[in-house]
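Commentary on secondary and tertiary structure
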Amino acid sequence: MRRELKTIIEVEKLAKDYNGLAAVKGVSFEVGHGEIFGFLGPNGAGKTTTINMLCTLLRPTGGRASVNGFDVAKNRLAVRKSIGLVFQDPSLDERLTAVENLRFHGMIYGVPRLERGQRIKEVLDLVELSGRQEDLVRTFSGGMKRRLEIARGLLHRPKVLFLDEPTLGLDPQTRHHIWEYINQLRSDEGITIFLTTHYMDEAEHCVRIAIIDHGELIAIDTPQRLKEEVGGDVIVLSTEDNKRAAREIVEKFNVEVKELNGELSLQVKSGDHFMPKLIKALETRVTSISLRRPTLEDVFLNLTGRKIRDEKVEGWDQLRSRVRSQRRRAR
């Protein structure tokens, strides 16, 4: 009988190069049993490359990693039996029904024939698709397809469920429902969930977050602690002359000011008291101003000097985007 591990994922100096281009640069972290662990970062940061190495879809060029106690390079089959995976891009066979997709997956993963029917029923009930099990997948909405992919990833009862951008391209209401299922999984099944995302609101669901940028981990902690490190409330304002206003703020209050997308941003303590003083002291006319508590967007801005959505898709993500476009045109 295998000893239950305290951590289910262990990563040490994991790296991946593509023809001399470093996509992942020696990242190290651990994930505990039953944890929702998030990889947060822009497109091209190394999120998908890292998850693909942990799922044995890519071989690392440096470092080591283990999932459920199995080395991802040396015990690939054992790792694959230990995990479920929901890809960023749809991977269902739309010519088959929902139940046919699940039966095929069950056969591939060696789910015993006598257990297969009951497990299929359980996962379809979980994602509320029992009433559509005999319908062709091509008739499903985007949210229904994503729910079916989650059901498929759970069919063989994995120790870890990997979700690569699980709600990409879905509307806010559907995204909310998907997260209800994810949180229910953790609560009811005790499953460990490892997800990648660039949606800040999704990252708030995680027990811990690792922020990755240009292939390097730049921070790892709980969402609350990361936000506390920003250091106060956030004031965002626009003026008739932002450059002049920024100089005034620095000179009069000795506060760092950042300018992004035509707005000035600064972090201060007791923002509700500071804001009236700021408006009164500025000679440049303020056209708009707002006050809020720090968000994970502010954390990323504070660590990198830019917003997460400022990044453009680069490298392999560009190639993947072109492939997706070609597939759509071919349909």
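Being a predicted model, the structure only gives us computed values, none of them experimental. (Residues numbered from 1 in each chain as written. Predicted model: local features only at pLDDT ≥ 70, side-chain atom pairs only at ≥ 80, totals over all residues. Heavy atoms only, no water.)

1. Some details on the environment of Asn43
Relative to the helices and strands, Asn43 resides in the loop between strand 3 (36-40) and helix 1 (47-54). With relative accessibility at 28%, the residue Asn43 sits in the partly exposed group. For Asn43 and Asp213, which are 170 residues apart along the polypeptide, the C-alpha to C-alpha distance reads 9.2 Å. (Helix = DSSP H or I, 4+ residues; strand = E, 2+ residues; numbered from the N terminus. Buried < 20%, exposed > 50% of the residue type's maximum accessible area, 1.4 Å probe, protein only.)

2. Observations concerning a nonpolar patch on the surface
On the surface, a nonpolar cluster with roughly 430 Å² of combined accessible area is contributed by Phe104, Met107, Ile108 and Tyr109. Inspection of the secondary structure puts Met107 in helix 3 (residues 98-108). (Patch = residues over 30% accessible without salt bridge, like charges linked within 9 Å, V, L, I, M, F, W, Y side chains within 5 Å. Areas by Shrake-Rupley, 256 points an atom, 1.4 Å probe, with all protein chains shown as cover. Salt bridge = Lys/Arg side-chain N within 4 Å of Asp/Glu carboxyl O.)

3. Quick look at the confidence of the model for the chain
When pLDDT is averaged along the chain, the result is 86; 91% of the residues meet or exceed 70. Averaged pLDDT values over the elements of the chain bottom out at 44 in helix 12 (residues 316-330) and peak at 97 in strand 5 (residues 70-71). Low pLDDT, under 50, characterises residues 310-331; the stretch is placed with 18 contacts to residues that sit more than four places away or in other chains. (pLDDT = per-residue confidence, 0-100. Contact = heavy atoms within 4.5 Å.)

4. Notes on the nonpolar core
Ranked by internal contacts, the top residues of the largest apolar core, which has 42 residues, are Leu148, Leu161 and Ile193. In terms of residue count, helix 5 (residues 142-154) provides more of this core than any other element does, 5 residues in total. Filtering out sequence-adjacent residues up to four positions away, Leu148 remains in contact with Leu92, Ala98, Leu102, Leu124, Leu129, Val137 and Phe140. Counting 26 residues, the second-largest nonpolar core is a separate cluster that includes Val27, Phe37, Val72 and Leu85. (Core = buried A, V, L, I, M, F, W, Y, C linked by side-chain atoms within 4.5 Å.)

5. Topic: the sheet that holds strand 5
Overall, antiparallel pairing links the 4 strands, which are arranged 2-1-4-5 in an open sheet. Two strands lie at the open edges of the sheet, namely strand 2 (21-32) and strand 5, each paired on one side alone. Docked against the sheet, helix 1 engages strand 1 (7-18), strand 2 and strand 4 (62-67), running at close to 120° with respect to strand 1. (Pairing = 2+ DSSP bridges. Axes fitted to C-alpha atoms, helices over the stretch in contact; angles between N-to-C directions.)

6. Quick notes on the sheet that holds strand 14 (residues 286-292)
In any sheet, the strands associate via hydrogen bonds between backbone groups, in a parallel or an antiparallel arrangement. With respect to topology, 4 strands assemble into an open sheet ordered 12-13-11-14, the strand pairing being antiparallel. Only two strands of the sheet have a single partner each, and these edge strands are strand 12 (258-260) and strand 14. Shown here is a sheet whose adjacent strand axes are inclined to one another by a mean of 25°, direction ignored. Across the sheet, helix 9 (residues 242-253) touches strand 11 (233-239), strand 12 and strand 13 (263-268), and the angle it forms with strand 13 is around 15°. The strands that helix 11 (residues 296-304) touches are strand 11, strand 12, strand 13 and strand 14; relative to strand 12, the one it contacts most, it runs at about 115°.

7. Comments concerning the pattern of salt bridges
As enumerated under the stated definition, the model contains 20 salt bridges in all. The salt bridge involving Lys145 is made with Glu94; its shortest N-O contact spans 2.8 Å. Of this pair, Lys145 sits in helix 5 while Glu94 sits in the loop between strand 6 (83-86) and helix 3, and the two are 51 residues apart along the sequence. With relative accessibility at 19%, the residue Lys145 sits in the buried group. Among the ionic contacts, a cluster of salt bridges with common partners joins Arg244, Glu248, Lys252 and Glu283.

8. As for the pairing of strand 9 (residues 208-213)
Counting buried positions along strand 9 yields 5 of 6 residues, so the element is predominantly enclosed. With 4 bridges connecting them, strand 3 and strand 9 associate as parallel partners. Its bridge partner lying in strand 9, Leu40 is registered against Ile211. Pairing geometry for strand 9 and strand 10 (residues 216-221), over 5 bridges, is antiparallel. Note that in strand 10 the partner of Ala210 across the bridge is Ile220.

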